[in-house]
Amino acid sequence: MSREKLLEKYSAKVYKNRKDHVLQLELEEAEGIPAIAANTRTVPGVMSARGCCYAGCKGVVVGPLKDVCVITHGPIGCGFYSWGTRRNKARTDEHTEKNFVPYCFSTDMQESDIVFGGEKKLETAIDEAMALFDPACVMICSTCPIGLIGDDVQAVARRVEEKYGITAIGYACEGYKGVSQSGGHHIANNGIMRNVIGTGDEQPKTRFSVNILGEYNIGGDGWEEERILKRCGIEVVNLFTGDASYAALKNAHLAGLNLVMCHRSINYIAEMMKTKYGIDWIKVNFIGFGATCKTLRDIARYFNDPELTARVEEVIADELAEIHDEIEYYKLQLAGKTAGIFSGGSRSHHYQVLLEELGMHTVIAGYEFAHRDDYEGREVIPFIKDDADSKNIESITVAPDEAFFREVYSEEEIEALRSGPDGVEINAYDGMMRHMERGDVVVDDYNHFETDALIETMKPDIFFSGIKDKYSIQKAGVTSRQIHSYDYSGPYSGFRGAVNFARDVRMALYTNAWSLVTPPWRHEPLLVGTIGGGQ
């Protein structure tokens, strides 16, 4: 399949826009990793699978906070969209006895509110929430109508703080701001960094402590990662933000190391915490048994403690032995199968690794809202030109904190840790495309037309995607698994999660009911009529 073949049915204008978003990797064409267009506005009318800025802020980053009243200031549909389709799990813990994740808070803006303004309605909603739930923190997330009518959610947040003596944060994350949900991630990161991180003083309980950034505990992923790390003697101070609490996030600056799972949604906080507090971050992957082994060894190498290293190896050996027989069985069932993956964050990259471990190959991959560095590696960041959409999202700057900044390693020591066959990606990420093969197809901001064309030409056995396109893929006769929320399964992270994933993939491939159904439009027209009065 060539790029021209995939895009040939587009008009000249759309073809010009899309051609640099689609690559077929040909190693002989150029040295190094090819450039891809990313983080630009979707062509109007194209059925993109992207979400909006509000979805990135509320639905992804701040929505999973369990002791925070996250209020959608806007129509009820926006609140439901960012709540009902996610599977962020949370439970009470030592920091809080409150868990608001099962609730959807919204001001339910109506036509009259749009005409006359909604600030009073928002304040009334917060008064009601305070009386019923007494949250530790209130966060207000704006939707499109709010930006259009000019409600000042930051001013409301300041009044709430004065009235109740709590932290209140207003996010101007209107859906149309930026080019995708990526802008909302950035806005949410800024608010958490400004108002939450660094305001607590509860020290970690153990010598080796970490935050897991970009882990939203879908299907219990974060709990499985926490279980494994705890076995190794590593304390998880925070999951960002799955099963996270405002009470615990305040202490994030006191952890010894940041682990970044979803690079796109949380790299801003990782970078700011490095600058302000000196906390290094490493790009990790808990998806896949081999990747989990590497992640655990990277953490041990960073902390550089012989006892911890020995304990990590014991845990790895024990966990691998536990899953060995099941994994070997699933390998026999899945070997030689091919897959397509489209997700957000780093998930497409993560699952390529696990599929390879199971004997499968990813022939198509891409992201909904990635930037070039997610594909090509962070070394391209200095060469990415800011456009008007990028400048629309505030980039805040931080300085070293006089009280809490500490430098664990010098730059020379960090370079030494990065080098060699067992090098650790400290404060770096080499992107997705380095781990793909010649002939594989990479598509940024994919849409329904391109998905159908890729299925027809590349013929993957299974397609991992999101809720917006899962069913259209199935109706084309191809097995599809919803990789954003796991189709009500999971966890998929860690050693046991790899078994769960392999089980679900095998079940989907070998009971593919959609491939046995012939849709009616294959053999008879759905519409019958005349054109211009003729027959």
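It should be noted that the structure appears before, not after, this text.
This is a predicted model, so every value here is computed, not measured.

Caption draft 1: Spotlight on the overall build of the protein chain. The helix and strand inventory of the protein chain stands at 21 helices and 14 strands. A compact globule built from 535 residues would reach a C-alpha radius of gyration of about 24 Å, and the protein chain, at 24 Å, matches this within 12%. Its C-alpha atoms give the protein chain principal-axis dimensions of about 75 × 65 × 45 Å. Taken across its 535 residues, the protein chain has 55% of its residues classed as buried.

Caption draft 2: Just the pairing of strand 13 (residues 462–465), in detail. What you see with strand 13 is no split at all: Ile 462 and Phe 464 on one side and Phe 463 and Ser 465 on the other are buried throughout. Pairing of strand 10 (residues 338–343) with strand 13 involves three bridges; the strand directions are parallel. If you follow Gly 340 over to strand 13, its bridge partner there is Phe 463. By the bridge criterion, four bridges tie strand 13 to strand 14 (residues 479–482) in an arrangement that is parallel. Looking at strand 14, one finds that Ile 462 is bridged to Thr 479. Handedness of the crossover is the feature at issue here: the chain leaves strand 13, passes through helix 20 (residues 470–475), returns alongside strand 14, and the resulting connection is right-handed.

Caption draft 3: Main features of the pattern of salt bridges. Inspection of the entire model under this criterion finds 38 salt bridges. The partner of Arg 41 in a salt bridge is Asp 389, with the nearest N and O atoms 2.9 Å apart. One end of the pair, Arg 41, is in the loop between strand 1 (22–24) and helix 3 (53–62); the other, Asp 389, is in helix 17 (residues 388–391), and 348 residues separate them in sequence. The class for Arg 41 is partly exposed, based on a relative accessible area of 43%. Asp 318 serves as the salt-bridge partner of Arg 231, at 2.9 Å between the closest nitrogen and oxygen. Taken together, the residues span a long stretch of sequence, with Arg 231 in helix 10 (residues 221–232) and Asp 318 in helix 14 (residues 306–334) at a distance of 87 residues. Residue classification places Asp 318 among the partly exposed positions, given a relative accessible area of 37%. The network of salt bridges with shared partners includes Glu 224, Arg 227, Arg 231, Asp 318 and Glu 319.

Caption draft 4: Geometry of the pairing of strand 5 (residues 167–171). Most of strand 5 sits inside the fold, with five of its five residues counted as buried. Of the strand pairs in this sheet, strand 4 (residues 137–142) and strand 5 are connected by five bridges, and their pairing is parallel. The partner of Cys 137 across the bridge, within strand 5, is Thr 167.

Caption draft 5: Here's a closer look at the nonpolar core. Within the largest apolar cluster, 57 residues are counted, with the highest numbers of intra-cluster contacts made by Leu 229, Leu 259, Leu 296, Tyr 351, Phe 464 and Phe 501. Core analysis: the second largest hydrophobic core is formed by 41 residues, Cys 53, Val 70, Phe 240 and Ile 266 among them.

Caption draft 6: Layout of unusual backbone geometry. Each neighbour pair has its own omega, and for Phe 240 with Thr 241 the value is 0°, a cis peptide bond. By the secondary structure assignment, Thr 241 is in strand 7 (residues 235–241). For the bond from Gly 490 to Pro 491, the omega torsion is 0°, close enough to zero to count as cis. Among the secondary structure elements, Pro 491 is positioned in the loop between strand 14 and helix 21 (494–510). Positive phi values are uncommon outside glycine, yet Asn 39 reaches one of about 55°. Relative to the helices and strands, Asn 39 is located in the loop between strand 1 and helix 3.

Caption draft 7: Molecular detail of the sheet that holds strand 10. Strand order in the open sheet made by the six strands is 1-12-11-10-13-14, with mixed pairing throughout. With partners counted over all chains shown, the strands left at the sheet margins are strand 1 and strand 14, one partner each. Looking at each pair of strands side by side, their axes are set apart by 15° on average, direction ignored. Taken together, the three bridges between strand 1 and strand 12 (residues 441–444) define a ladder with antiparallel strand orientation. For Gln 24, the partnering residue across the bridge sits in strand 12 and is Val 441. Here helix 19 (residues 448–458) sits on the sheet in contact with strand 1, strand 10, strand 11 (361–367), strand 12 and strand 13, set at roughly 175° to strand 12. Packed on one face of the sheet, helix 21 meets strand 13 and strand 14 and runs near 125° to strand 13.

Reading the values: the criteria
- Residue numbers restart at each chain and count upward from 1, following the sequence in its written direction.
- In view of the model being predicted, local features appear only for residues whose pLDDT reaches at least 70, and side-chain atom pairs are presented and counted only at 80 or more, with totals across whole chains, interfaces and linings using the full set of residues.
- With hydrogens and water stripped out, all remaining heavy atoms of the structure feed into the side-chain values.
- Strands here are runs of E lasting at least two residues and helices are runs of H or I lasting at least four, both read from the DSSP assignment and numbered beginning at the N terminus.
- To get the radius of gyration, use the C-alpha atoms; to get the globule rule, take the number of residues to the power 0.38 and multiply by 2.2 Å.
- Summary of the burial criterion: residues with accessible area below 20% of their type's maximum are buried, those above 50% are exposed, and those between are partly exposed, where the area comes from a 1.4 Å probe applied to protein chains only.
- Two strands qualify as a pair provided that DSSP identifies no fewer than 2 bridges between them.
- A clockwise path from the first strand over the helix to the second, with the strands pointing away from the viewer, defines a right-handed crossover.
- Put simply, a salt bridge is a Lys or Arg side-chain nitrogen that is within 4 Å of an Asp or Glu carboxyl oxygen.
- Within this scheme, the nonpolar core is defined by two criteria: the residues are buried Ala, Val, Leu, Ile, Met, Phe, Trp, Tyr or Cys, and they are joined through side-chain atoms within 4.5 Å.
- Angular values range over 0 to 180 degrees, each being the angle between N-to-C directions of two axes fitted as lines to C-alpha atoms, with helices fitted over their stretch in contact.
- Contacts are assigned to residue pairs with any non-hydrogen atoms lying within 4.5 Å of each other.

By themselves these figures say nothing about function.
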